[in-house]
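Here's the letter readout for the chains.
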Amino acid sequence: MHDENATPVPDDSTDTTAEGQSRRAVLRTAGLAGAGLGIGAFTGGTARADAPEIAASAVDAAPARKGDTMIGVPFQRRSTVRVGIIGLGNRGGSMIDLFLAIPGVRVVALCDPVKEKTAAAAKKVTTAGQPAPATYTKGDHDYENLCKRGDIDFVYVATPWDFHFDMAKSALLNGKHVGVECPIALQLDQLWELVDLSERTRRHCVQLENCCYGKNEMRVLRMAHAGKFGDLLHGAGAYNHDLRGLMFDPDYYEGPWRRLWHTRLRGDLYPNHGFGPVANYMDVNRGDRVTHISSFGTPALGLAQYRKENMPSGDPSWKETYIESDRTISLVQTAKGRVIRLEHDVSTPHPYSRVNSLGGTRGVFEDYPERIYIEPDHTNDEWGDFSKYAAEFDHWLWKEHANPPGGHGGMDYIMIFRLMQTMQLGLVPDFDVYDAATWTSPVPLSHLSIKAKGAPQAIPDFTRGLWKKARPGVDSEKPKG
């Protein structure tokens, strides 16, 4: 019988670094140290089934604070933000263009063990008219040397998930602010450690959730804050994206690290894109908080079927056994009684959708395709035109940057521009380590809930009670001057 906590060993005979070291072996080792083998131990050993007291237990279980809160703490004002980038693959190799496009941002150091990727990124820096950056290519731990530099203000991490926690930790311990691609970590104890480190080092640790800066998401956010949906009741977000072809592409996901996570966890591997925007709509950690999650998962059939139909018999993927639910559906409850539905599906054929919906006593918005119905603007149960709300409710960032460069419809640029702006002007970031930990917590908790046949799992209060106070977030005011 298959052991869901055992990770099948892939073939390490290919995909080596310039030094000849197997990247697959490195990624697998890191994943085992930070994934399924330890999830039970870091959440009390067993999945929770004692739902009646589950919300209170999350507060009671919070470890003692080791430093002052980072809520409301501004960046130190600086005219130039000096950036170090770790990871120069598909994501990092494209995001560097956006850092270079923002005035007052200098890329001073780059790190990737694949020397060709580092060299290509370094050429982009000099082509942009900046001094040649320092490069770090000596294995998978050379990022530690980048983090030790004294001329870096902000570290950007765009590597396989296995490394996110260790890299964020290294940046914080070396006095750097850090932004990490999703998810920021994969275990509850790691999330707590990042919260504690951010507080102790007085450096921000942020989840770089680009979907929070999507044009539709920001418009819905401002409409919600203006009361257009009435009292908020429910929302939904998802990452439903057919990645089968990319996950079996030997060149796209190096390792192939992303597919291997489907052999380790059953739950929602990538909740942030859906969870972040809806959490913003509902002011989670800013007047409300999420208390517990119940998750359910389908059988894991999609990747095995795709492999059978598309991969040759000798491919290393045939040694893998997939356990991650083809579709995970989670229900999250908030302290105010609201409900958030999260979905994750990257293993079956379907059009792309983040779902992105919000409903209240005055009406509802649904995305993919975008449509709206709110009273008194709409009647007769007929959907209205969402674009008619653009002039009044589009965020000032989108009004200033109507055609932003970069991928994902421009929200990548909006996110990086705004983050660099808050650092240059000495402002409080739009979201913080508490948001990062909250948005990522469904990764381990959905796995545990599915194992417990849907039993609710407590979501920790990473703010340690400070969520009750309203405060600004992504719905920011335009800086003066």
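Refer to the structure printed above.
Structure report, in brief.

Definitions and cut-offs
Residues numbered from 1 in each chain as written. Predicted model: local features only at pLDDT ≥ 70, side-chain atom pairs only at ≥ 80, totals over all residues. Heavy atoms only, no water. Helix = DSSP H or I, 4+ residues; strand = E, 2+ residues; numbered from the N terminus. Buried < 20%, exposed > 50% of the residue type's maximum accessible area, 1.4 Å probe, protein only. Contact = heavy atoms within 4.5 Å. Areas by Shrake-Rupley, 256 points an atom, 1.4 Å probe, with all protein chains shown as cover. Core = buried A, V, L, I, M, F, W, Y, C linked by side-chain atoms within 4.5 Å. Phe/Tyr/Trp six-rings, centres within 6.5 Å; stacked < 30°, edge-to-face > 60°. Pairing = 2+ DSSP bridges. Axes fitted to C-alpha atoms, helices over the stretch in contact; angles between N-to-C directions.

1. Re the overall build of the protein
Logical step 1: For the protein, the helix and strand inventory stands at 17 helices and 14 strands.
Logical step 2: Counting all 481 residues of the protein, 60% fall into the buried class.
Logical step 3: For the protein, long-range pairs separated by at least 24 residues make up 76% of all intrachain contacts whose partners lie at least 6 apart in sequence.
Logical step 4: Summing over all exposed atoms, the protein offers an accessible surface of approximately 18700 Å²; the carbon and sulfur share of this is 51%.

2. Things to note about the nonpolar core
Logical step 1: Counting residues in each nonpolar core, the largest one holds 103 residues, and the members touching the most others are F99, Y213, F229 and M420.
Logical step 2: For this core, the element with the most residues is helix 15 (residues 411-425), which contributes 9 residues.
Logical step 3: Judged by nonpolar contacts, the second largest core, of 19 residues, contains W257, W261, L265 and Y270.

3. Here we look at helix 8 (residues 215-225)
The periodicity of an α-helix, 3.6 residues per turn, causes residues three or four places apart in sequence to face the same way.
Logical step 1: In terms of residue burial, helix 8 counts as a mostly covered element, since 8 of its 11 residues are buried.
Logical step 2: Listed as buried for helix 8 are N216, E217, M218, R219, V220, L221, M223 and A224.
Logical step 3: Of the residues flanking the end of helix 8, it is G227, one or two places downstream, whose phi is positive at about 85°.

4. Quick word on the packing of aromatic side chains
Logical step 1: If you walk through the whole model with that rule in mind, you get 16 aromatic pairs.
Logical step 2: With a centroid separation of 5.8 Å and an interplanar angle of 20°, the aromatic rings of W161 and Y270 are classed as stacked. In this pair, W161 is assigned in the loop between strand 4 (154-157) and helix 6 (164-173) and Y270 in the loop between helix 10 (257-260) and helix 11 (272-281), connecting sequence segments 109 residues apart. Neither W161 nor Y270 differs from the other in exposure class; each is buried.
Logical step 3: A centroid spacing of 4.7 Å and a plane angle of 65° characterise the contact between Y239 and Y270, whose relative ring orientation is edge-to-face. Taken as a pair, Y239 in strand 7 (residues 232-240) and Y270 in the loop between helix 10 and helix 11 lie far apart in primary sequence, 31 residues in all.
Logical step 4: Overall, Y270 belongs to the buried group, its relative accessible area being 11%.
Logical step 5: Here the aromatic cluster, defined as three or more aromatic residues joined through ring pairs, consists of W161, Y239, Y252, Y253, W257, W261, Y270, Y352 and Y368.

5. Brief notes about unusual backbone geometry
Logical step 1: Cis peptide bonds are those with omega within 30 degrees of zero, and the linkage from G255 to P256 qualifies with -5°.
Logical step 2: Cis geometry marks the peptide bond from Y368 to P369; its omega dihedral reads 0°.
Logical step 3: Although it is not a glycine, R202 sits at a positive phi angle of roughly 60°.
Logical step 4: Among the structural elements, R202 can be located in the loop between helix 7 (188-201) and strand 6 (205-207).

6. So, helix 6
Logical step 1: Of all 10 residues making up helix 6, 7 are buried, and the element is well covered by its neighbours.
Logical step 2: Where helix 6 is concerned, the buried positions are H164, F165, M167, A168, S170, A171 and L172.
Logical step 3: Taken together, the buried residues of helix 6 touch strand 1 (81-86), helix 5 (143-147), strand 4, strand 5 (177-180), helix 7 and strand 6.

7. Thoughts on the sheet that holds strand 4
Logical step 1: Strand order in the open sheet formed by 6 strands is 3-2-1-4-5-6, with parallel pairing between adjacent strands. Of all the strands in the sheet, just strand 3 (134-136) and strand 6 have a single pairing partner and so form its edges. Averaged over neighbouring strand pairs, the angle between their axes works out to 25° when direction is ignored.
Logical step 2: Both strand 5 and strand 6 contribute to a ladder of 3 bridges, which runs parallel.

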